[in-house]
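# Structural characterization, general
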Amino acid sequence: MCGIIGFTGYLDVKNVLLEGLEALEYRGYDSAGIAFFEQDGIKTIKTTGKVSNLIDKVEKNGNNSTCGIGHTRWATHGGVSDTNSHPHTFGNVTLIHNGIIENYHELETELAKQGKYPVSQTDTEIAAMLIDSLYHGDPMDTIKKAMSQLEGAYAFCILFADQPDVIYCLRNGSPLVACQSKEGSVIASDMVALIKYSKEYFVLPELHIAKLTKDNIEVTNFDGEIVIPQKLYVKWDMSAARKGGYEHFMLKEIHEQPSSLRSTIMPRIVNGSLPDLSGDGIPDTIFDDINRVIITACGTAMHAGLVGRVLIEKLIRIPVTVEIASEFRYQDPIMDENTLVITISQSGETADTLAALRLSNENKAKTVSIVNVKGSSIARESNYVLYTHAGPEIAVASTKAYTAQLSCIYLLALQFAKAKKAISDTECTSFIHHLQQVIPAVEKTLFLEKELDEISSHLKETQDLFFIGRGIDYPLSCEGSIKLKEISYIHSEAYAAGELKHGTLSLIIEGIPVIALATQANVYSKMISNIREVRARGAMVILVTNGDIALDSSIFDYHIALPELDDMFTPFTTAVVLQLLAYYTTLHRGYNVDQPRNLAKSVTVE
Ligand code: F6R
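Summarised in this report is the structure supplied together with it.

Our focus in this paragraph is the overall build of the protein. Per the secondary structure count, the protein includes 17 helices and 26 strands. Against the globule reference of 25 Å for 606 residues, the protein gives a C-alpha radius of gyration of 25 Å, in line with a compact fold. C-alpha atoms of the protein, sized along the principal axes, occupy 75 × 55 × 45 Å. When the 606 residues of the protein are sorted by exposure, 60% land in the buried category. Taking the intrachain contacts of the protein between residues at least 6 apart in sequence as the baseline, contacts between residues at least 24 apart amount to 72%. Only carbon and sulfur atoms are counted for the fraction: they give 49% of the accessible area of the protein, which is about 22,800 Å². Across the protein, 53 positive and 74 negative side-chain charges occur, with their mean positions spaced 2 Å apart.

Right, let's get into the side chain of Asp-12. By the element assignment, Asp-12 lies in the loop between β1 (3-9) and α1 (13-24). No salt bridge is formed by the buried Asp-12, whose closest oppositely charged neighbour, Lys-14, lies at an N-O distance of 5.0 Å. A distance of 3.0 Å separates the side chain of Asp-12 from the backbone nitrogen of Lys-14, its partner in a polar contact. Not counting the four nearest positions on each side in its chain, Asp-12 is found in contact with Asn-64 and Ser-65.

Pairing is possible between side chains that carry opposite charge, provided their charged atoms lie close to one another. On inspection of all chains with the given rule, the structure shows 18 salt bridges. Close ionic contact of Lys-400 with Glu-256 constitutes a salt bridge, the shortest N to O distance being 2.7 Å. You can see Lys-400 sitting in helix α12 (residues 400-419) and its partner Glu-256 sitting in the loop between α6 (249-255) and α7 (257-265), a full 144 residues away along the chain. Since its relative accessible area comes to 2%, Lys-400 is described here as buried.

For the rest of this paragraph, the subject is the packing of helix α8 (residues 299-316) against α12. The contact between α8 and α12 brings their axes to 9 Å, and the two run at 25°. In terms of orientation, α8 and α12 fall into the roughly parallel class. The interaxial crossing formed by α8 with α12 has right-handed handedness. Listed contacts from α12 to Thr-300, Ala-301, His-303, Ala-304, Gly-305, Val-307, Gly-308, Leu-311, Ile-312, Leu-315 and Ile-316 of α8 are Tyr-402, Gln-405, Leu-406, Ile-409, Tyr-410, Ala-413, Leu-414, Phe-416 and Ala-417.

What follows covers the site of the ligand. Near the ligand, the surroundings consist of 14 residues, among which Ser-345, Gln-346, Ser-347, Thr-350 and Glu-486 are the closest. Within the contact set of the ligand, an oxygen atom lies 2.9 Å away from a side-chain nitrogen or oxygen of Lys-483. Protein contact buries 90% of the 400 Å² of open area that the ligand shows by itself. Of the residues assigned to the shell around the ligand, the class counts are 5 nonpolar, 7 polar and 2 charged. Mapping the shell around the ligand onto the domain boundaries places at least three of its residues in each of domain 2 (241-423) and domain 3 (448-589).

This structure, assessed with the given rule, holds 11 aromatic pairs. Summarising the aromatic geometry, the rings of Phe-7 and Tyr-197 are spaced 6.1 Å apart at their centres and angled 35° between planes, so their arrangement reads as tilted. Taken as a pair, Phe-7 in strand β1 and Tyr-197 in the loop between β10 (184-188) and β11 (200-203) lie far apart in primary sequence, 190 residues in all. Across this residue pair, the class does not change: Phe-7 and Tyr-197 are buried. Taken together through their ring pairs, the aromatic side chains of Tyr-410, Phe-431, Phe-569 and Phe-572 make up a single cluster. Above the plane of the ring of Tyr-10 lies Lys-214, whose end atom (NZ or CZ) is 5.5 Å from the centre. Over the ring of Tyr-489 we find Arg-597; its NZ or CZ atom is 3.7 Å from the centre of that ring.

Okay, α8 next. With 18 residues, α8 ought to run about 26 Å at 1.5 Å a step, and its terminal C-alpha atoms sit 25 Å apart, in line with that. Of all 18 residues making up α8, 13 are buried, and the element is well covered by its neighbours.

Let us look at the packing of α7 against α12. Where α7 contacts α12, the axes come no closer than 9 Å and their chain directions differ by 30°. Here α12 runs roughly parallel to α7, going by the angle between their axes. The interaxial crossing formed by α7 with α12 has right-handed handedness. Of the residues in α12, those touching α7 at Gln-257, Ser-260, Leu-261, Thr-264 and Ile-265 are Lys-400, Thr-403, Ala-404, Ser-407, Cys-408 and Leu-411. Partitioned by chemical class, the residues of the contact of α7 with α12 number 5 nonpolar, 5 polar and 1 charged.

Thresholds, definitions, all that
Residues numbered from 1 in each chain as written. Predicted model: local features only at pLDDT ≥ 70, side-chain atom pairs only at ≥ 80, totals over all residues. Heavy atoms only, no water. Helix = DSSP H or I, 4+ residues; strand = E, 2+ residues; numbered from the N terminus. Rg over C-alpha atoms; globule rule 2.2 N^0.38 Å. Buried < 20%, exposed > 50% of the residue type's maximum accessible area, 1.4 Å probe, protein only. Contact = heavy atoms within 4.5 Å. Areas by Shrake-Rupley, 256 points an atom, 1.4 Å probe, with all protein chains shown as cover. Lys, Arg positive; Asp, Glu negative; His and termini not counted. Charge placed at Lys NZ, Arg CZ, Asp CG, Glu CD. Salt bridge = Lys/Arg side-chain N within 4 Å of Asp/Glu carboxyl O. Polar contact = N/O pair within 3.5 Å; in protein donor to acceptor, adjacent residues only side chain to side chain. Axes fitted to C-alpha atoms, helices over the stretch in contact; angles between N-to-C directions. Parallel < 35°, antiparallel > 145°, perpendicular 65-115°, else oblique. Left-handed = near helix turned anticlockwise from the far one by under 90°. Near = heavy atom within 4 Å. Nonpolar A, V, L, I, M, F, W, Y, C, P; charged D, E, K, R; others polar. Domains from an automatic or database assignment. Phe/Tyr/Trp six-rings, centres within 6.5 Å; stacked < 30°, edge-to-face > 60°. Lys NZ or Arg CZ within 6 Å of the ring centre and 35° of its normal. Expected span 1.5 Å × (residues − 1).

In structure tokens form, the structure reads like this:
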């Protein structure tokens, strides 16, 4: 969602802010703005549309300002307009904000009693008005008072007109990371905007305040005590956050999968035959009294969870439910200390998943999260974390994070099965062997790219499309469907193939594309019957199989043969095919692959 960057130091701040906003563009936004100190006060420039529009508005020469804040806005309260864009100024206060102020209406009513009215329709401007109304020259005291009145999730960077070259920041729920470098002090909503300055950074703890001056970042808690946040390091560098010769981040990230899988899987295998999560600090004892598992996540991460359900139930024979995180806490879920709750999140900041985790912690469930972003809220608040080492994922459509999440679920399920003595040593060795085989198989699947590009060209004019599959192919159908629709804007639905004839078959008409996943031997003949049902009604069938098996050519138009794997491991290769289909279909339709409309990379509001 919204991107935040703040800088005070020894560089021209306009360049720093604009570069930072460009780095944050991937998060999804609809307007952008910056504010910086000049000799005669704070200057603000903002506009709807892309950061490039903002760059056109910013004078290249002018004063060499060295302190300011920048923002990309993803509209929640108030439409997309220059006025609603951030930064917002009221009196002495200029600020940018990520999150939602839930009680803004009550605050607005109170401020109106003092004769103060906003010019925008945003909750953010109300926060600026509140802070200004509380300000009498002491920023820290003012911020603390404001925090006690603001409800909701937020991250703010604030400039006070009479405190030149200082940025005050606070957070509650929405992420902020900061670093100190020889060029100055930098704060941002994510690491991608900081990496240029330092690989060492820290996460601003919740309900803490950071005061950024040129040579120092001072962090204090609500009681005013100085706190030294834990230092974190990223292994990747600027080149990992750039396109590296690929036309789009999504394509680059699809191609990074062999390497991201290697980094996620290999360090967690000992002697080539055993899972080992001790490096992650996950002891076998956590599985001791577990009698049920709940997996909760959103979107693609939830689809990884659906695969996890099949796997855990098969290996361990205990019940697993997968819950959409945005529904979870409103369902009065049943859980206790014998429940293992697995939350999955690339960003580690998804508001609904975080809320589901907090509820699970309150109910004393054992919580393990599978997260990509180090030090993120979900990682910090879980009892245990299994990091995916996928590196930065920039494209809005999740690809390498998804397969890395799958690999963590496979490892976790195996460790769990071993701890419960649900599998023999031989089965464990064989599982590890098959998991390692996934890496070269994904490499080989990438060679299908040209073929998938060609097949996708036939989907260019499509309005509706179906994905069908049985068993573990059903969650993959869900994933294929979300991937395609989110970037190509083709309406698609995922169906368990046996369910089609209970209603949906009426939508199958001449020429409608059906992507049929038939990778599972135990339901293969049933799947073929379902394919015949759609074929008989004129569907254009794109068939995906595990290996190049003999087929009746009358049942498909296009056949994609995956490199052969043990059936339980095909989700990895199937996912790559579905990602490439979505990618190339979108290209053929001429849409922006990396930044689809209305979507944001990290969904930090409910
Ligand atoms: C789809 C996609 C989203 C995310 C979802 C959860 O390609 O990326 O569906 O999977 O918003 O995000 P995280 O994993 O950051 O919690």
